[in-house]
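Structure assessment
Below are the chains, spelled out letter by letter.
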Amino acid sequence: MAKKAVLIGINYPGTAVELRGCVNDVRRMQKCLIELYGFADKDITILIDTDKSCIQPTGKNIQDELKRLIASGQSGDFLVFHYSGHGTRIPPGIGELGDSTGFDECITPCDMNLIKDHEFREMVARVKEGCQLTIISDSCHSGGLIEEVKEQIGESHMKPMKEVKEHIEESHVKPPKLGIASYLLSIVMNLLGTCGISKSHRDRGGGQESFSGEIELESHETFDIKTRYLPFESYVSLLKQQTGQTNIEPRRIRQTLLKLFGEDSSPIRQRGLSDLGNCEVNAGDSGAPGSIADKGILLSGCQTDQRSEDVYVTRTGKAYGAFSDAIQTILSAARDEKKKITNKELVMKARVFLKQRGFSQRPGLYCHDRYVNKPFIC
């Protein structure tokens, strides 16, 4: 029985959307895997962008390491993939409908070469029978990160297909129905979103735009909070800056990524309305991309329409993801009580933990029924 992990932490240093806690999340998870779950340090691969001597978390490198991790796993092995960084979601391209959320949920590598939900699904489908892959994603919109996996805990706000179709048609054909005041406000909000400035503590992690700000708890400890959500407009702006391409069309973002990154880009998916929500199931398949993605376990920091939070403690300088901190705190308590905690228990406790601390993000659990009450990781 082997235990292997790939841990990704991206702080985006020097950019307008810089975060503080993602690399720390990775270091804490590394320590947790070694001390609590018996992983060997040599079997943990780390990709971070704050140390040039480490493997950089580019889109290609993340894909390569995850594929290598999955390919190495045999029956009886335990695999872990942890991601802390910005999440985003992109609207369907012209003639496309996306998935049942109306968007493609993505993680945001340091080079802006997005990795989309359907690609995660295809990689997870390659996990060999009897091998267990646990994915922890402390990023925004992470509830939809593995497309079509059963939602065990969560309220992912999947739109009815009729509503998705109408939304896409309207966004591509009709001009926005905004009054001049609302229109100007939306422009201001998008500009602020690029810098990550928060409207209010109440909106953190909610469905509206979430920005950063300062809060003070009853303990008089002061925190700076910044969302791990990268608005699509901000993403396009960063992509232009990094690539020097100034004529990027948002509706053709997939074609643009293919042009910029070639075979290293997340593949373009062309799907019709009749394909959505339907995937071929082959019980005898040990990992073909077309098989149903029931071989992975996803613990998400929030729902598909929510933001995850990056926290900075102003007095101590400690920084972390709110969800990652919840996991580590709960696991530490379980260790002290000398008991194992299940995937379901961990997510439910994390929900309570975050709510008690004023966060509105709601972690989720996405997996086959057989994994719900299994111990977290192993």
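Residues numbered from 1 in each chain as written. Predicted model: local features only at pLDDT ≥ 70, side-chain atom pairs only at ≥ 80, totals over all residues. Heavy atoms only, no water.

For the pair helix H8 (residues 322–336) and helix H9 (residues 343–356), the least separation of the axes is 9 Å and the interaxial angle reads 115 degrees. Here H8 runs over H9; the crossing is right-handed. Of H9, the residues touching H8 (which contributes Ala 322, Phe 323, Asp 325, Ala 326, Ile 327, Thr 329, Ile 330 and Leu 331) are Leu 346, Lys 349, Ala 350, Phe 353 and Leu 354. Per-class residue counts for the contact of H8 with H9 are 10 nonpolar, one polar and two charged. (Axes fitted to C-alpha atoms, helices over the stretch in contact; angles between N-to-C directions. Helix = DSSP H or I, 4+ residues; strand = E, 2+ residues; numbered from the N terminus. Left-handed = near helix turned anticlockwise from the far one by under 90°. Contact = heavy atoms within 4.5 Å. Nonpolar A, V, L, I, M, F, W, Y, C, P; charged D, E, K, R; others polar.)

A few words on the sheet that holds strand S5 (residues 104–107). Pairing is antiparallel across the open sheet formed by three strands, whose spatial order is S4-S5-S6. Of all strands in the sheet, those bounded by a partner on one side alone are strand S4 (87–90) and strand S6 (115–116). Inspection of the sheet shows S5 paired to S6 by two bridges, in the antiparallel sense. Note on S6: the bridge partner recorded for Ile 107 is Ile 115. (Pairing = 2+ DSSP bridges.)

Turning our attention to the packing of helix H2 (residues 59–72) against helix H3 (residues 117–124). Remark: H2 packs on H3, axes separated minimally by 10 Å, with the N-to-C direction vectors making an angle of 25 degrees. Comparing their axes, H3 and H2 come out roughly parallel. At the point where H2 passes H3, the crossing takes the right-handed sense. For the pair H2 and H3, contact is made by Gln 63, Leu 66, Lys 67 and Ile 70 and by Glu 119, Phe 120, Met 123 and Val 124, respectively. Along the lines of polarity and charge, the residues of the contact of H2 with H3 split into five nonpolar, one polar and two charged. (Parallel < 35°, antiparallel > 145°, perpendicular 65-115°, else oblique.)

Before going further, it helps to spend a moment on the sheet that holds strand S2 (residues 44–48). Read from one edge to the other, the open sheet built from seven strands follows the order S2-S1-S3-S7-S11-S14-S8, with strand pairing classed as mixed. The outermost strands of the open sheet, each flanked by one partner alone, are S2 and strand S8 (151–153). When strand polarity is set aside, the average angle formed by the axes of neighbouring strands in this sheet is 15 degrees.

Moving on: the packing of aromatic side chains. Enumeration according to the criterion identifies two aromatic pairs in this entry. Centre to centre, the rings of Tyr 37 and Phe 376 are 6.0 Å apart; their planes meet at 80 degrees, and the pair counts as edge-to-face. You can see Tyr 37 sitting in helix H1 (residues 22–37) and its partner Phe 376 sitting in the segment after strand S14 (364–366), a full 339 residues away along the chain. Here Tyr 37 falls in the buried class, since its relative accessible area comes to 11%. We classify Phe 376 as buried; its relative accessible area is 1%. Lying over the aromatic face of Tyr 229, Arg 307 brings its terminal NZ or CZ to 3.7 Å of the ring centre. Positioned above the aromatic ring of Phe 353, the side-chain terminus of Arg 357 is 3.6 Å from the ring centre. (Phe/Tyr/Trp six-rings, centres within 6.5 Å; stacked < 30°, edge-to-face > 60°. Buried < 20%, exposed > 50% of the residue type's maximum accessible area, 1.4 Å probe, protein only. Lys NZ or Arg CZ within 6 Å of the ring centre and 35° of its normal.)

This part is about the pattern of salt bridges. Within the structure shown, the criterion is met by 16 salt bridges. Notably, a salt bridge pairs Glu 129 with Lys 295, separated by 3.8 Å at the nearest N-O pair. One end of the pair, Glu 129, is in the loop between H3 and strand S7 (132–138); the other, Lys 295, is in the loop between helix H7 (253–261) and strand S11 (296–300), and 166 residues separate them in sequence. Its relative accessible area of 4% is what places Lys 295 among the buried residues. One salt bridge connects Glu 155 with Arg 362, and the closest N-O pair in it is separated by 2.7 Å. On the criterion of sequence distance, the pair formed by Glu 155 in the loop between S8 and helix H4 (161–173) and Arg 362 in the loop between H9 and S14 is long-range, its members being 207 residues apart. Its relative accessible area of 28% is what places Arg 362 among the partly exposed residues. (Salt bridge = Lys/Arg side-chain N within 4 Å of Asp/Glu carboxyl O.)

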